[in-house]
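In case you want the letters, here they are:
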Amino acid sequence: SAMLRALSIASTVLALALVALPAARATLWTILLLPELINAPGPRPIVLVSAAPAVETLRLEHADADLYRPNGPRPHGALIMTLGVHPLDKRDSQVARLAEGLSRAGLAVLIVQSDDLIADRVVPTEPSNLVGAFERLAEDPEVDPRRIGLFGFSVGASLAFLAATDPAIRDQVRMVGWFGGYAD
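All figures in this text were calculated on a predicted structure; none of them were measured in a lab. (Residues numbered from 1 in each chain as written. Predicted model: local features only at pLDDT ≥ 70, side-chain atom pairs only at ≥ 80, totals over all residues. Heavy atoms only, no water.)

An account of empty space enclosed by the protein is requested, with residue identities and associated values reported.
Which parts of space are left empty comes out when a probe the size of a water molecule is rolled across the atoms. With the rule as written, the count across this model stands at one cavity of 30 Å³ or more. Considering only enclosed or pocket space, the largest cavity measures out at about 40 Å³ in volume. In terms of lining residues, the largest cavity is bounded by Thr82, Leu83, Gly84, Pro87, Ile111, Val112, Gln113, Ser114 and Leu117. Element by element, the count of residues in the lining of the largest cavity is highest for strand β4 (residues 107–114), at four residues. Of the residues belonging to the lining of the largest cavity, the class tally is five nonpolar, four polar and no charged. (1 Å grid on protein atoms, 1.4 Å probe; cavity = no way out; pocket = protein on both sides within 12 Å on 5 of 7 lines; lining within 4 Å. Points joined across faces, edges and corners; volume = space filled by probe spheres on them. Helix = DSSP H or I, 4+ residues; strand = E, 2+ residues; numbered from the N terminus. Nonpolar A, V, L, I, M, F, W, Y, C, P; charged D, E, K, R; others polar.)

This is the structure:
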């Protein structure tokens, strides 16, 4: 029928646009990722179109970390996240859902949980945990060292910013993002 043919042509054009146009792909992944970012109840559309990431536990010098590795073509961009002082546990369902969603969208996500921050201590060497995490990911063959960023929540935001200014990595940090950071 004419209606079925029109629908088939429209679907083909849409599929080609999603494959050929990076902006269309980015828009689609953003829409799929949105429920993960806001921890929305109900269906999780990203789960229907992507494979679950592999999760690996790592030990850094003064921190534990969980690395969410996406499936698909490699190398991947990466995001190092820190949650602040006395944060939610890195395996808290909201934190894990965010990391899993970002990983399903194609980012390797490393959640760093510092020994000192868990104990409600902020020490001057704290940014070095994030610098070490950055250096570790930059050496990982599954991660593109030119596409690694830092993201922090609360006090972790300030620590991510300080880590990004460290001479060892400052020329390699692709982005720094934060939520609920302190300005003073």
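Which residues make up the environment of valine 155, and what are the values?
Note that valine 155 resides in helix α7 (residues 155–164). Sequence separation of valine 155 and valine 122 is 33 residues, and the distance between their C-alpha atoms is 8.8 Å. Beyond its immediate sequence surroundings of up to four residues, valine 155 is in contact with Gly84, Val85, Val122 and Tyr182. (Contact = heavy atoms within 4.5 Å.)

Break down the side chain of glutamate 100 for me, citing the residues and quoting the values.
Here glutamate 100 is to be found in helix α4 (residues 93–104). Among residues more than four places away in sequence, those in contact with glutamate 100 are Arg44, Pro53 and Tyr68.

Describe the layout of surface pockets, naming the residues involved and giving the relevant values.
In this model, the largest pocket occupies a volume close to 590 Å³. If you go around the largest pocket, you meet 27 residues; those closest to its centre are Met81, Leu98, Leu102, Phe151 and Phe153. Every element with two or more residues in the lining of the largest pocket is listed here: α2 (22–37), β3 (76–82), α4, β5 (143–153) and β6 (173–179). Counting residues per element, the lining of the largest pocket draws most heavily on β5, at five residues.

Give me the lowdown on a nonpolar patch on the surface, citing residues and values where you can.
Taken together, the side chains of Phe161, Leu162, Val176 and Trp178 define a hydrophobic patch exposed on the protein surface, amounting to about 390 Å² of accessible area. Within the residue set of the nonpolar patch, elements represented by two or more residues are α7 and β6. Looking at the secondary structure, you find phenylalanine 161 in helix α7. (Patch = residues over 30% accessible without salt bridge, like charges linked within 9 Å, V, L, I, M, F, W, Y side chains within 5 Å. Areas by Shrake-Rupley, 256 points an atom, 1.4 Å probe, with all protein chains shown as cover. Salt bridge = Lys/Arg side-chain N within 4 Å of Asp/Glu carboxyl O.)

Go over the nonpolar core, please, and point to the residues and values.
Counting residues in hydrophobic clusters, the biggest one holds 26 residues, and the most contacted among them are Ile80, Leu110, Val112, Leu130, Leu137, Ile148 and Leu150. Filtering out sequence-adjacent residues up to four positions away, isoleucine 148 remains in contact with Ala78, Ile80, Phe134, Leu137, Ala138, Val143, Gln172, Val173, Arg174 and Met175. By size, the runner-up hydrophobic cluster in this structure holds 15 residues, among which are Ile46, Tyr68, Met81 and Leu102. (Core = buried A, V, L, I, M, F, W, Y, C linked by side-chain atoms within 4.5 Å. Buried < 20%, exposed > 50% of the residue type's maximum accessible area, 1.4 Å probe, protein only.)

Tell me about the packing of helix α6 (residues 127–139) against α7, residues and numbers included.
Between α6 and α7, the least distance of the axes is 8 Å, while the angle of their chain directions is 60°. The angle between α6 and α7 falls in the class oblique. Note on packing geometry: the crossing formed by α6 with α7 is right-handed. Taken together, the residues of α7 that come into contact with α6 (itself represented by Pro127, Leu130 and Val131) are Leu159, Ala160, Leu162 and Ala163. (Axes fitted to C-alpha atoms, helices over the stretch in contact; angles between N-to-C directions. Parallel < 35°, antiparallel > 145°, perpendicular 65-115°, else oblique. Left-handed = near helix turned anticlockwise from the far one by under 90°.)

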